[in-house]
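# Examination of the molecular architecture
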Amino acid sequence: MKRLKKVMSIVLTAAMVFALFAVTPATTAQAKVKIQYGKKISLNVGESDLILVKGKKATYKTSNKKVATVNKKGKVVAKGVGTCKITIKQNGSKATSKVTVKPAKVKLNSVVIVGSNSGESSAQTASIKATWKKVKGASGYYVYYSTNSKTGFKKKTVKGGKKTSATLSKLAYGNTYYVKVKAYGGKKKTTSEEYSKVLSVKTYLLTWSDEFNGTSLDMNNWSYETGATGWGNQEAQNYTAGDNIKFENGNLVIIPRMTKTGSKTEYTSSRIYTKNKKTFKYGKMEIRAKATGGEGTWSAGWMLGDGTGDSRGWPYDGEIDIFESMHGGVPQTIHCEYFNNQSWSHGNKKYSTGLTQAQCAAQYHTYGIIWTDSYIQFTVDGVNKGLYDSTIYSSGIYDKVWRGEFDHPFFFILNCAIGGNAAGNVSTKGWTLVTDNANQKVYEDYMYVDYVRVYQ
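I will try to describe carefully the structure that is included in this document. Because the structure is a prediction, the values reported are computed rather than measured. (Residues numbered from 1 in each chain as written. Predicted model: local features only at pLDDT ≥ 70, side-chain atom pairs only at ≥ 80, totals over all residues. Heavy atoms only, no water.)

## Comments concerning the overall build of the protein
Of regular secondary structure, the protein possesses 5 helices and 37 strands. The C-alpha atoms of the protein give a radius of gyration of 39 Å, which is well past the 23 Å a tight globule of 456 residues would have. Expressed as lengths along the three principal axes of its C-alpha atoms, the size of the protein is roughly 165 × 50 × 40 Å. Looking at the protein as a whole, 46% of its 456 residues qualify as buried. For the protein, long-range pairs separated by at least 24 residues make up 67% of all intrachain contacts whose partners lie at least 6 apart in sequence. For the protein, the accessible surface area stands at approximately 23800 Å², while carbon and sulfur atoms represent 50% of it. Between the mean site of the 65 positive side-chain charges and the mean site of the 32 negative ones, the protein shows a separation of 35 Å. (Helix = DSSP H or I, 4+ residues; strand = E, 2+ residues; numbered from the N terminus. Rg over C-alpha atoms; globule rule 2.2 N^0.38 Å. Buried < 20%, exposed > 50% of the residue type's maximum accessible area, 1.4 Å probe, protein only. Contact = heavy atoms within 4.5 Å. Areas by Shrake-Rupley, 256 points an atom, 1.4 Å probe, with all protein chains shown as cover. Lys, Arg positive; Asp, Glu negative; His and termini not counted. Charge placed at Lys NZ, Arg CZ, Asp CG, Glu CD.)

Structure (structure tokens):
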């Protein structure tokens, strides 16, 4: 009987276990989300990509909408620089996709020399300016520069995503500098995946200058041109050999002088040039000067061809007017055969500096040219003004606008004319009365030249 009860107990227990298994089905492992494409995504701001998963009914959610958004089909759109996670859920399971968003590659537009040159030959510095197109999503830029196109780059940080330029200063003259740029953004300052293209610019070396720091004119550099011949413009002055210059505070001072004796008026001034002593072909030429302001005066710093380009002389040998200051304006000008035959051009090709004679007389300005084998870029205080570009002219007239005109050495001229076709009517307005007696009145004006410099 006991054995029967024991057997029945085992049978009943077995039956109950069987019944339990029959009521509760076996649990199977759930399938994981299988990401077929897009486990890791790298985008630039504004770009998009797609996360693909195996199966249907997947949902997507971003951890940071400021970095990237995602729609119900798994399309990811990069919004801002940084990283985020896209969570994918499917049939009770989930997985993540990491999204990295970077700024786009920078488009570097130009690298040019800027600013006025500073320092003597023993302590020269130069400045160059890089400009680029604004990158969406950037919070700043890294500008890299080196004298080697492949190595040794230094980095300058430019804060602000809207910035599109940077000036690199205190660079040495006589070097070629290579520049490239990356954009950065986000908390970790994530950079563009690639550098911009590399652009280069050559800084000039000071090869000659006259700083006018002495007490007399350096005759190794300059000669006087003298006479009262009208100088092609019916001018009134007689140029003297030294009576109309002085040296003051490191400046050459050219003195136009008006002498009234009874009913007679005489005009004298000074004109100096480097002809047969110092001639230059191509480079960066600068004249820092403060012009005269007296009515009828015409301050000028300019260059003429040395005769080796075209033996017929002016205008066939070329003329470059670095600055002219007169009552009618302050242009920068070229003269050549072609434009001197064009009546509408008044015998030259002019570019406006935007300055008036009064402004040029009130303070110093640095007037310059960058003269290459194909163009002449005029500058004032380091800012580009007119560009005379020989490459725009046809081969049929090239010899009249460049070859023999601006492809050979030139020399400097500094002078101040009085009256004539360009300077106009002369009066005592703006002049300084220095002698006043019953027999004679003498008026003077002053053209200050701080330096003339040539960088090549």
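## Quick word on the nonpolar core
Ile376, Tyr388, Phe406, Phe412 and Leu414 are the most contacted members of the largest nonpolar core, which has 43 residues in total. Sorting the residues of this core by element identifies β22 (251-254), β26 (283-290), β28 (319-325), β31 (365-371), β32 (375-380), β34 (410-418) and β37 (447-455) as the ones contributing at least two each. Contacts of Ile376, omitting those with residues within four sequence positions, involve Ile320, Ile334, Ile369, Ile370, Trp371, Gly386, Leu387, Tyr388, Trp402 and Phe406. (Core = buried A, V, L, I, M, F, W, Y, C linked by side-chain atoms within 4.5 Å.)

## A word on the pairing of β22
The two faces of β22 match: Asn251 and Val253 on one face and Leu252 and Ile254 on the other face are all buried. Taken together, the 4 bridges between strand β21 (residues 245-248) and β22 define a ladder with antiparallel strand orientation. By the bridge assignment for β22, Ile245 is matched with Ile254. Taking the residues that link successive antiparallel strands as the turn, the β21-β22 hairpin has 2 residues, and the phi of Asn249 there is positive, at about 50°. Across 3 bridges, β22 lies against β37 in antiparallel orientation. Bridging across to β37, Val253 finds its partner in Tyr448. (Pairing = 2+ DSSP bridges.)

## Details of the pattern of salt bridges
Evaluation of the coordinates by the stated rule reveals 11 salt bridges. Among the ionic pairs, Glu211 bridges to Arg453, the shortest N-O distance being 3.0 Å. Of this pair, Glu211 sits in the loop between β18 (206-210) and β19 (223-224) while Arg453 is found in strand β37, placing the two residues 242 residues apart along the sequence. The pair Glu211 / Arg453 is uniform in exposure class, with both members buried. Put simply, Arg288 and Asp450 hold a salt bridge, and the shortest N to O gap is 2.8 Å. (Salt bridge = Lys/Arg side-chain N within 4 Å of Asp/Glu carboxyl O.)

## What about the environment of Val101?
With respect to the secondary-structure elements, Val101 resides in strand β9 (residues 93-102). Sequence-wise, Val101 and Lys246 are 145 residues apart; in three dimensions their C-alpha atoms are separated by 67 Å. Sequence-distant contacts of Val101, defined by excluding residues within four places in its chain, comprise Leu43, Asn44, Val45, Val67, Ala78, Gly80, Val81, Gly82 and Thr190.

## Side note on the layout of surface pockets
Taken as a whole, the largest pocket holds about 790 Å³ of empty space. The wall of the largest pocket is formed by 40 residues, among which Asn233, Trp298, Trp314, Glu319 and His335 lie closest to the centre. Elements represented by at least two residues in the lining of the largest pocket include exactly β25 (271-273), β27 (297-305), β28, β29 (331-335), β34 and α5 (420-423). The residue makeup of the lining of the largest pocket, split by class, is 14 nonpolar, 16 polar and 10 charged. (1 Å grid on protein atoms, 1.4 Å probe; cavity = no way out; pocket = protein on both sides within 12 Å on 5 of 7 lines; lining within 4 Å. Points joined across faces, edges and corners; volume = space filled by probe spheres on them. Nonpolar A, V, L, I, M, F, W, Y, C, P; charged D, E, K, R; others polar.)

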